[in-house]
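An overview of the molecular structure
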Amino acid sequence: MRRFAFIEPPDLAAATEALARGAGKAAILAGGLDLLGEMKDRIIEPAAVVNLKTVRGLDAIRFEPDGSLRIGALATLASVAAHPRLGREYPAVAQAAQSVGSVEIRNVGTVGGNLCQRPRCWYYRSPLHKCLKKGGDVCFTTVGQSRYHAILGGGPSYIVHPSDLAPALIACDARITVVGPDGTKDLPLEQFYVLPSVRLDHETILKPGEIVTEVSLPASASADGGTRSRFLKFREKDSFDFALVSVAVALRLQGNSCSAARVVLGGVAPTPWRSKEAESAIVDRSIGPRSAAKAAAAALADASPMSHNEYKIPLARTLITRALLETADQGTGLAPS
Amino acid sequence: MARLVKRRVNARPRRRAGILARQAGRRPGPVDPHRRVFLRLHVNGADHTIAVAPHRTLLEILREDLGLTGTKHGCELGECGTCTVLLDGIPVLSCLALGLECDDRPVVTVEGLADGPTPHPLQEAFTELGAAQCGYCTPGILCAAKALLEADPDPNRDAIREALSGNLCRCTGYIKIFEAVELAAKRRREPRAAPSRETLFGRRD
Amino acid sequence: MAATRKVKIGTARRTETIDIRVPETEPPIWDADAKLTVVGGSYPRLDGAAKVTGKARYTFDINRPGMLHGRILRSPHAHARLLAVDVSKAARLAGVKATATFESPTFFAALDETDESGKPVEGAGEKAATGPRRILFAGEEIAAVAALTPDIADDALDLIEVRYEPLPHVVDLEDARKPDAPKVFPDGNQRPATVWSAGDVEAGFREADAVVEATYTTPVALHNALETHGAVAEWQGGKLTVWASTQGVFGVRDDLAKFFKVPSRDVRVISEYLGGGFGAKFGAGVTGVVAALLAKKAGAPVKLMLDRQEENLATGNRPDSVQWLKIGAKRNGALTAIHLRSYGTGGIGGGAGVSGPVRMIYACPNIKTEEQDISTNAGFAMPFRAPGFPQGSFALESTLDEIADRLGLDPLALRKTNYIDRPNKGLMEQYDLAARAIGWERRRPPAENAAAGPIRRGFGMGTATWGMYGGPPADATVTIHSDGRVECICGTQDIGTGTRTAMAVVTAEVLGLKPEQIKVVLGDTATGMYSPASGGSVTLTSILPAIRAAAELARDKLFRAVAPALAAKPEDLEASGGRVRDRVGGRSAAFTAAAARLKSALISAQAARADNYPGVGIESFGAQFAEVEVDTGTGRVRVLRIAAAHDAGRTINRLTAESQVNGGVIMGLSYALLERRVMDAPTGIVMNPNLEDYKIAATLEMPEITPIMMDVYDPANNAGVKGLGEPPVVPTAAAIANAVSNALGVRVRDLPLTPDVILAALARKEQA
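Remember, it's a predicted structure, so these values are computed and weren't measured experimentally.

1. With respect to the overall build of chain B
A count of helices and strands for chain B gives 6 helices and 6 strands. Reading chain B from its N end, one meets helices and strands in the order β-β-β-α-β-β-β-α-α-α-α-α. Residue pairs at least 24 apart in sequence account for 62% of intrachain contacts in chain B once pairs closer than 6 positions are excluded.

2. Points about the overall build of chain A
Summing up its helical and strand segments, chain A has 13 helices and 12 strands in all. Radius of gyration (C-alpha) of chain A: 20 Å, near the 20 Å computed for a compact globule of 337 residues. For chain A, the C-alpha atoms occupy an extent of roughly 60 × 55 × 35 Å along the three principal directions. For chain A, the proportion of its 337 residues judged to be buried stands at 61%.

3. A word on the domain arrangement of chain A
Taken domain by domain, chain A holds domain 1 (1-54) and domain 2 (227-327). Distance from the C-alpha centre of domain 1 of chain A to the C-alpha centre of domain 2 of chain A: 36 Å.

4. Some details on helix α17 (residues 539-562) of chain C
The terminal C-alpha atoms of α17 of chain C lie 34 Å apart, and with 24 residues this matches the ideal 34 Å at 1.5 Å per residue to within 8%. The element α17 of chain C is largely enclosed, with a buried count of 21 among its 24 residues.

5. Some details on the interface of chain B and chain A
With 33 residues of chain B in contact, the opposing surface of chain A contributes 31 residues. Broken down by element, the residue count for the side of chain B that touches chain A peaks at 4 residues, all from strand β5 (residues 90-93) of chain B. Residue composition of the side of chain B that touches chain A, by class: 19 nonpolar, 9 polar and 5 charged.

6. Overview of the packing of helix α16 (residues 499-511) of chain C against α17 of chain C
Residue and element names in this part refer to chain C. Two numbers describe how α16 lies on α17: the axes approach to 9 Å, and their chain directions differ by 30°. On the basis of their axis angle, the class for α16 and α17 is roughly parallel. The way α16 lies across α17 gives a crossing that is right-handed. Where α16 abuts α17, its residues Thr-499, Ala-502, Met-503, Val-506, Thr-507, Val-510 and Leu-511 lie against Thr-539, Leu-540, Ile-543, Leu-544, Ile-547, Arg-548, Ala-551, Glu-552 and Arg-555.

7. Quick notes on the sheet that holds strand β3 (residues 48-51) of chain A
All names here are of chain A. Taken in spatial order, the 3 strands of this open sheet run β1-β3-β2, and their pairing is parallel. A strand with exactly one partner marks an edge of an open sheet, and here the two such strands are β1 (5-7) and β2 (26-29). Averaged over all adjacent pairs, the angle separating strand axes in this sheet is 25°, with direction ignored. Of the strand pairs in this sheet, β2 and β3 are connected by 4 bridges, and their pairing is parallel. The residue of β3 that forms the bridge with Ala-27 is Val-49. Together, β1, β2 and β3 form the strand contacts of helix α1 (residues 12-21), whose direction differs from that of β3 by roughly 165°.

8. A closer look at the interface of chain C and chain B
If you look at the interface, chain C gives 49 residues, while chain B gives 44 residues. If you list the elements that add at least two residues to the side of chain C that touches chain B, you get α1 (48-53), α19 (654-673) and β30 (704-710) of chain C. In terms of residues, the side of chain C that touches chain B owes the most to one element, α19 of chain C, which gives 9 residues. Its residues placed into classes, the side of chain C that touches chain B shows 24 nonpolar, 15 polar and 10 charged.

9. Concerning the pairing of strand β11 (residues 230-236) of chain C
Residue and element names in this part refer to chain C. Counted residue by residue, β11 has 6 buried out of 7 residues, so it is predominantly covered. In this structure, β11 lies alongside strand β14 (residues 302-305), joined through 4 bridges in antiparallel fashion. The residue bridging Ala-231 from the neighbouring strand is Leu-304, located in β14. In this structure, β11 lies alongside strand β12 (residues 239-244), joined through 6 bridges in antiparallel fashion.

10. Here's the deal with the environment of Arg-70 of chain A
All names here are of chain A. With respect to the secondary-structure elements, Arg-70 resides in strand β5 (residues 69-72). For Arg-70, a count of 17 C-beta atoms within 10 Å translates into the label partly exposed. Remark: the alpha-carbon pair of Arg-70 and Val-215, spanning 145 residues in sequence, is separated by 5.8 Å. Beyond its immediate chain neighbours, meaning those up to four positions away, Arg-70 contacts Arg-62, Glu-64, Glu-214 and Ser-216.

11. A word on the confidence of the model for chain B
Residues and elements named next belong to chain B. Of the residues in chain B, 82% reach a pLDDT of 70 or more, and the chain-wide mean stands at 85. Across residues 1-25 the pLDDT falls below 50, and counting only partners more than four positions away or on other chains, this stretch makes 44 contacts in the model. For residues 200-205, every residue scores under 50 in pLDDT, and the model assigns this stretch 14 contacts once sequence neighbours within four places are set aside. Among the scores for the predicted complex, ipTM is 0.96 and pTM is 0.96.

12. Here's the deal with the sheet that holds strand β6 (residues 133-135) of chain C
Sheets are built from strands paired through backbone hydrogen bonds, the pairs being either parallel or antiparallel. Residue and element names in this part refer to chain C. Strands sit in the order β6-β4-β8 across an open sheet of 3 strands; the sheet is antiparallel. The sheet is open, and its two borders are formed by β6 and β8 (161-166), each paired with just one other strand. Within the sheet, the average angular offset between the axes of one strand and its neighbour, ignoring direction, is 40°. The pairing of strand β4 (residues 80-86) with β6 spans 3 bridges and is antiparallel. Bridging from a neighbouring strand, Ala-80 pairs with Ile-135 of β6.

13. Side note on the nonpolar core
Residues and elements named next belong to chain C. Grouped together as the largest cluster of nonpolar side chains are 429 residues, with contacts concentrated most on Leu-294 and Ile-547. Of all the elements, α17 adds the most residues to this core, at 14 residues. For Leu-294, the residues in contact, after removing those within four places along its chain, are Gly-70, Ala-98, Ala-100, Ala-144, Ala-146, Val-302 and Leu-304.

14. Focus on the environment of Ala-567 of chain C
Residues and elements named next belong to chain C. Within the element layout of this structure, Ala-567 appears in the loop between α17 and β22 (573-576). Exposure remark for Ala-567: the 10 C-beta atoms within 10 Å place this residue in the exposed category. Remark: the alpha-carbon pair of Ala-567 and Asp-582, spanning 15 residues in sequence, is separated by 8.6 Å. Once residues lying within four places of it in the same chain are set aside, the contact partners of Ala-567 are Gly-585 and Arg-587.

15. Structural notes on the pairing of strand β4 (residues 84-87) of chain B
All names here are of chain B. Residues Thr-84 and Leu-86 of β4 are buried on one face, and the alternating residues Val-85 and Leu-87, pointing to the opposite face, are buried as well. Pairing between β4 and β5: 4 bridges, direction antiparallel. Within β5, the residue paired with Leu-86 across the bridge is Pro-91. Hairpin connection of β4 to β5: 2 residues between the antiparallel strands, including Asp-88 at a positive phi of 55°. Pairing analysis gives 2 bridges linking β4 to strand β6 (residues 106-108), with the strands arranged antiparallel. Among the inter-strand pairings, Leu-87 is bridged to a residue of β6, identified as Val-107.

16. Considering the domain arrangement of chain B
Residues and elements named next belong to chain B. Taken domain by domain, chain B comprises domain 1 (3-110) and domain 2 (121-194). Taken together, the contact between domain 1 and domain 2 spans 15 residues of the former and 13 residues of the latter. Contributing elements (two or more residues each) for the side of domain 1 that touches domain 2: β4 and β5. A breakdown of the residues in the side of domain 1 that touches domain 2 according to their chemical character gives 8 nonpolar, 6 polar and 1 charged.

17. Observations concerning the environment of Tyr-273 of chain C
As for its position among the elements, Tyr-273 of chain C is in the loop between β13 (267-270) and α9 (285-298). You can call Tyr-273 of chain C buried: it has 25 C-beta atoms within 10 Å. Sequence-distant contacts of Tyr-273 of chain C, defined by excluding residues within four places in its chain, comprise Gly-135 of chain B together with Ala-56, Arg-57 and Tyr-58 of chain C.

Definitions and limits used
Residues numbered from 1 in each chain as written. Chains lettered and ligands numbered in written order. Predicted model: local features only at pLDDT ≥ 70, side-chain atom pairs only at ≥ 80, totals over all residues. Helix = DSSP H or I, 4+ residues; strand = E, 2+ residues; numbered from the N terminus. Contact = placed C-beta atoms within 7 Å. Rg over C-alpha atoms; globule rule 2.2 N^0.38 Å. Buried ≥ 20, exposed ≤ 12 C-beta atoms within 10 Å, placed from the backbone. Domains from an automatic or database assignment. Expected span 1.5 Å × (residues − 1). Nonpolar A, V, L, I, M, F, W, Y, C, P; charged D, E, K, R; others polar. Axes fitted to C-alpha atoms, helices over the stretch in contact; angles between N-to-C directions. Parallel < 35°, antiparallel > 145°, perpendicular 65-115°, else oblique. Left-handed = near helix turned anticlockwise from the far one by under 90°. Pairing = 2+ DSSP bridges. pLDDT = per-residue confidence, 0-100. Core = buried A, V, L, I, M, F, W, Y, C linked by C-beta atoms within 7 Å.

Okay, structure coming up:
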């Protein structure tokens, strides 16, 4: 790992200032897992590292009196996964946090870090490939190995966003707070992510000097039974792996009839991929094997596989179908038909 | 590289409020990349003050500055779990932790698992059941397993699998490791608990 | 002089007595009648305590006074001419103490010639050529530095200026076979085929009632021992000491002696603890040579340990394979012909042959195998746990199941129909033991499984065999001190398998002691007690007979010293239960008291391994059965159970033997389900030289494993021990693939069985 200056700001203002002063050559250290990995692979070589952990109060998980939830950017994935009320009211979020990496990763990895982590694409991570995202002129997946890459929303880069937490949080209608030199922004998490057709050098709207400080979720409970959610992650290897495909589903149900739905996929697109097609296929319908399968088909209707990743289409269809059925307590979709 | 001060302190790790507890501003200015700063490390109950540069990882400091080579290099990228140590009592990957982040926090490595001359029940069980084969992954697995037993004194097989899922072993097939963790858990309740006959001798029918 | 001895061979189920010719000096063979009290028990590793406390020092942990840290610069090009290497800036960096460049095409030539491990000799002709060195794969060594710290060494690498002339490369197996492919070697990419045949396969196919033919593929696999390759080298005067992460200390010694042109007595190689090898760590290799070279140039010790990426680029692999297999059988399942045609690439190395299982396991009068190595611009192959066998087993056992399905036969019954019977073979019992353990009777025909909904269960099996017996030279010394301490000394290495403990078990058996009372010295060429490298399942089969013989000689010396005090004849004495006892007079003395009777401070006896006895010593065998669950919605294969029945001749230490079986199973499972090196064809670079995208099975992939060790009395040597390193990894992938095919009702013919492969197979079935 290259040498760097180490900055421990006392507060957010100092942190944003240090980052802004670094003019793109300063990096934020939260859990450090992705950052140090990138630095060791020499994908980035920041001149300065700003340790956010010296800023107090960014690791809180707290419910507001109105039932909404705020999760500090430095809350660890382990603390999110283990929070009892969070787990009851936003099961998809807890399940997603629990599905990340291993115990050692979850103990250190943070919510902010998970949301802002860079792609796992092997060309992006290869020090020997100067790909589109690193200022090169080709996305190597288009001529090379694409088994872990995008089937939706790709072009000109075909990375997939690796976060497990992001689809779950978006399904639960999360907003994200960003503090920067120009003040504080608060926006739907869904809008935090941008496709490579919009921006190539990063997967989010973050500008130099900006720091994610918090994620907030609207109250889950309500008189009509509230929102039910579920996160399913499929990996090639159960022990410690990124998602091939993940799906987060949040439903408002009246009886078995769905009044509102969010279906968000991970591992299939350069951003967490909200499928309004799937959502409209089930809203105002009762959830059963047929409607769930229809929604799943709708979600993948526009998928365009690359040379080595066509398998993600049936895989994603299965996961969406199962997530919908399980969320609506309509079985697991696993029984003999 | 200098080990400047080493003194014995109260072996009981200080209870800490969490990773954010450290007062901000102890190092008010940036630490220059080529300069070293003093770092206080509490490792296995001993207190060390050493000078380190910002880019050095906990793994490097443990092995190279403190001579604690029990913790191993495996992949350097957080993919194998071989470098697992306990920081504030919880398992972390020492290859992806900067030394400066560990200032004034208790670290436990494989060398610190025993209680003086008495091995930790996990160490005993791993030896007895052959859970350490080539032994290279063993220090990290022992640390992860210790944290598991602290949190869950009677873990079932699934909990053990989950707790150790970040630790690769290329030799044992994990079975003896699971059995050793189970035996150690049992021994913490009944010190004279014996492994099942099948564990030791396999099936002979 | 040779003597004829009667030995009882066989298994617990059946034995017979045969005559064999052995050297007169050989101790009585431990055959079926041998009454042993220590051997065959279950013993914790002697070095367990060192391993669980962090005290065990692996090569990575060795630090020497004034030690420098080495790093290697590697080629980013898969194929290039190396025009110039300039290390002058690096050499001027503060803290850099030595640099080395490898521009000469002949630089590593001496190493290539001496390398016993399979590193290529194809290019050897070119190495003698003049002109710029040709780089043959991305990751080849270009230059190296040694510096005060690893950081400085890293910085120095950045300062090395290299000029390459990139050349067209080929890394894909199929691309490399095309006539217009870039040539890896001047004579092209297709190495001459190896052809073997018995009988007449065409006649065999004409006799067959059913013929099945299919093509199978397997991926390139990477060893990924958790400790990477590396060495610490230190010169003192003209003498070199090297701590090496190696499976063969004597091989490293000889390679280094040859490379540096010093007598091998001036090179000492030490490897007390090794973090896994699996076949990739034979010989000094480039890493060992560079460490010693830098140490020589710097005049200081140098540690050179590779990182994970280097490990996966340039230290070996298991070649991939494409196997076309055609098998004919009679209606009752009797095989009439097997024809195998295969090719694969070991990069710039060879070793892609897969025909072992086809030729060795089943009775078939007509067999033909044609195998071909294809060269590509990729890292060279090294032996990888049962070289060629997991690949060959996968294709062979799969095709046999296809035949069984075609004929409506039970797959196990088909194997039994083609059983090669010998008295000194336990495979038939192993089939029954493992079948019972898995519950084979629960296996249903594929069509019935298909009605089970999205999650399907299946059962499959496969046969293990391996046929290396070890042999001389292997030497050992056993020393008894007058205070009762006992040492067993052999230069061999314990690569994690439990060699150290097995040495103690055999010594303890002979001396009537407990294994933990024996001090074992190993992992050091300075012992002078030679051992072969630990690969091919030959370690215990080579060294234990020598150890046993040495222990008996030492014991006999002790008997002679103590006999007068017991008023006994030395030949009437026996050692057991920690005592020396007169079988006739009944008097006895504690072992320590007996040792105190020695007239010298110690007695020591040395012995050498005799040749393998003619007429005995066939292969180790095993049978593995798998139960799997396949999710047809996601393509996920979950292995639920593996039952693995094996023998290693006479089991020495049941605990470590079981561990070998468990470890072989997980490695085979990982190969079956996950492992695959991915090459980027356009750039010629390995895309997954790490443990994130090169996936290795971990705790959540583990099935329940039932290891069943049985004793087979087949004295290939005086200890009756056979190898167990390779056999357990051989049939696992085959058993799993057969179980998956059984669950799905469609064959899966490509490893690893990742979701894409399963889903594609299901889609094919739907179309059909």
